[in-house]
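# Inside the fold
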Amino acid sequence: MAIVIKEFDGFRVEVNNEDNRGDIILSRPPLNVIQYSQRIQMAEAMKDLDKNENVRVIILRADGKNFSSGGNIEGFLKETPETLTTVSYTHLTLPTTPY
């Protein structure tokens, strides 16, 4: 049975200990658009799931019949290239975990 670990604006994180699975579920139907601010939160959620010894796989999925139409371009255009590069490097790079 999946347990909701945390709810964010636009997505939630669930863990199913029986299946050793962590899910990040986009929850902004019908198109599940990803806001710029979500990128950092999603990256941190992935890092937290990666540290969870009960989680062997992380699934990214969505509510509704569509997965995602992608990112909200308007939010990305408001950021500087330096900020985008820093966020991508700092928050979207997962450490390599030896198995």
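Everything in this summary refers to the structure shown in the same document. Within every chain, residues take consecutive numbers counted from 1 along the sequence as written. Under the rules for a predicted model, residues below a pLDDT of 70 receive no local features and side-chain atom pairs below 80 are neither given nor counted, while totals for whole chains, interfaces and linings still include all residues. Just so you know, side-chain values use all the structure's heavy atoms and leave hydrogens and water out.

### Re helix H1 (residues 36-51)
In an α-helix there are 3.6 residues to a turn, and that puts residues three or four apart on one side. Our working definition: For the purposes of this entry, the term helix denotes a DSSP run of H or I that reaches at least four residues, the term strand denotes a run of E that reaches at least two, and both are numbered from the N terminus. To estimate the expected span of a helix, subtract one from its residue number and multiply by 1.5 Å. A 1.4 Å probe rolled over the protein chains alone gives each residue an accessible area, and that area as a share of the maximum for its type sets the label: buried under 20%, exposed over 50%, partly exposed in between.
Spanning 16 residues, H1 covers 24 Å between terminal C-alpha atoms, matching the ideal 22 Å at 1.5 Å per step. Residues Tyr36, Gln38, Arg39, Met42, Ala43, Ala45, Lys47 and Leu49 constitute the buried set of H1.

### Points about the packing of aromatic side chains
Applicable threshold: Stacked, tilted and edge-to-face are the three classes applied to pairs of Phe, Tyr and Trp rings, where Trp contributes its six-membered ring and a pair requires centres within 6.5 Å; stacked means planes under 30 degrees apart, edge-to-face means over 60, and tilted covers the rest.
Summed over all chains, the structure comprises 1 aromatic pair. Between Phe8 and Phe11 the ring centres are 4.5 Å apart and the planes differ by 10°, which places this aromatic pair in the stacked class. Taking relative accessible area as the criterion, Phe11 reaches 0% and is therefore assigned buried.

### Describing the environment of Leu26
For the record, the criterion: Note on contacts: a residue pair qualifies if any of its non-hydrogen atoms lie within 4.5 Å across the two residues.
The residue Leu26 is located in strand S3 (residues 21-26) in this model. Sequence separation between Leu26 and Asp9 is 17 residues; the distance between their C-alpha atoms is 9.4 Å. Beyond its immediate stretch of four places on either side in the chain, Leu26 contacts Gly10, Phe11, Asn32, Ile34, Met42, Leu60, Arg61, Ala62, Asp63, Phe67 and Ser68.

None of this, on its own, says anything about what the molecule does.
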